[in-house]
Amino acid sequence: LPVALGVSVEFNLIMNSLAIPRRAKQAVGAITKLTNADSGEIRSAFLSVQMSHTCVPHLYANPTHRTINVEYNQLDPLLRSSGFEDGDVNDTETGFSPYPGNINQLLFKADAYLEALNRTKGIMPDFVNPKYKDEAKTEFKKPTRLECMMQDFPTVLVGPDAEKVGFTAINADLCFSPVKNATADGVKLQAKGTPAGVAATGEADQYGAFRKILKSIGVDVAEGDEEEYNGIKAVLKPEIVIHPSSMLCVSEFKEVFDNPAAVKICKDSSLVIEGGGKLRIQSLMLDGALKISCEEGADAVVNMVIENDGWTRKPTAENADEVIAMRGYELDKKQTHDLVYRKNDACVIL
């Protein structure tokens, strides 16, 4: 968020979309720059489909191009109808689509947003995104619906304001891992080289984001082995969970891990940190499971070597609760070292 805010201020953006590198055909809307030929006399196919009758007058008043999201189910046909015969394909050098993926984390400039709302009375373009069961698109997977999307806001901007739309691209492993697909669909997506978007990968990516942040400040964090459950492959170790009450920004991670070179987290370890107290991890060698709770008002310094049996995973039983079963595994917490720091300077080891 701080990065995106800086971009918005630097370029005076009315709307700034957070985006990620996107694989071709990935079910994520794409950030594009659409150009109307002949000074706006000819509208792009996408805008023609998107606009409802209530907003068409705004379109004719707009400039010849705009930066905007195109839904993934419309991107490929739009490209093919615009002279790109191969449609939505990955770039041979980067391995990603040229069109970044929109993750619907949007920043708006409040005064311009209010002006647009007053002018349009809040009426936005309509959109239909049907989901099909088969490649021939002859049968719906579920009932479709008419909807309006917040990422279509640029369509109602007029004059110079229409130019003040941009995006900020960030690696997906730090900001985007949706859990939206059934396991069977996720297996098929992984086979195509596309993110699975299932419960197991969502959890794995959360752990991975914390590992990446800790590595970036100098902590020695090993990478675990790839595991597979119900056909879904993911790197789930080391498991690192840090509650927002403890740390949010990288600067706060640096305050807690103030001597990162003296911290080592082995590949099969699990680390959980929670609480709003003042915590400093000056040295730690972790080979197992450790949970640190530092309550508000506490002042704690950690210098420890932790070795225990830690946590392992096992496939879920047939009668497992659906919330657990959809991951394909459950945790077996064999041994955990619990540290609880109280505001009266007491440390309780559970």
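Details of the structure are given in the entry above.
No experiment lies behind these values; they were computed from the predicted model shown.

Before going further, it helps to examine the nonpolar core. Leu214, Phe257, Ile265, Ile273, Leu279, Ile281 and Ile292 are the most contacted members of the largest nonpolar core, which totals 29 residues. When residues in this core are grouped by element, the largest group, four residues, is from strand β14 (residues 278-287). Not counting the four nearest positions on each side in its chain, Leu214 is found in contact with Val219, Val221, Ile240, Phe253, Phe257 and Ile265. Listed in part, the eleven residues of the second largest apolar core include Met124, Val156, Leu157 and Val165.

Residue Pro238 is reached from Lys237 by a cis peptide bond, and omega for that bond is -10 degrees. Tracing the sequence through the fold places Pro238 in the loop between β10 (232-235) and β11 (239-242). Located in the positive-phi region is Lys121, a residue other than glycine, with phi close to 60 degrees. You can see Lys121 is positioned in the loop between α6 (110-120) and β5 (127-128). The exposure class of Lys121 is exposed, given its relative accessible area of 69%. The phi angle at Asn230 is positive, at roughly 55 degrees, despite the residue not being glycine. Assignment of secondary structure puts Asn230 in the loop between β9 (226-229) and β10.

Criteria and thresholds
- Residues numbered from 1 in each chain as written.
- Predicted model: local features only at pLDDT ≥ 70, side-chain atom pairs only at ≥ 80, totals over all residues.
- Heavy atoms only, no water.
- Core = buried A, V, L, I, M, F, W, Y, C linked by side-chain atoms within 4.5 Å.
- Buried < 20%, exposed > 50% of the residue type's maximum accessible area, 1.4 Å probe, protein only.
- Helix = DSSP H or I, 4+ residues; strand = E, 2+ residues; numbered from the N terminus.
- Contact = heavy atoms within 4.5 Å.

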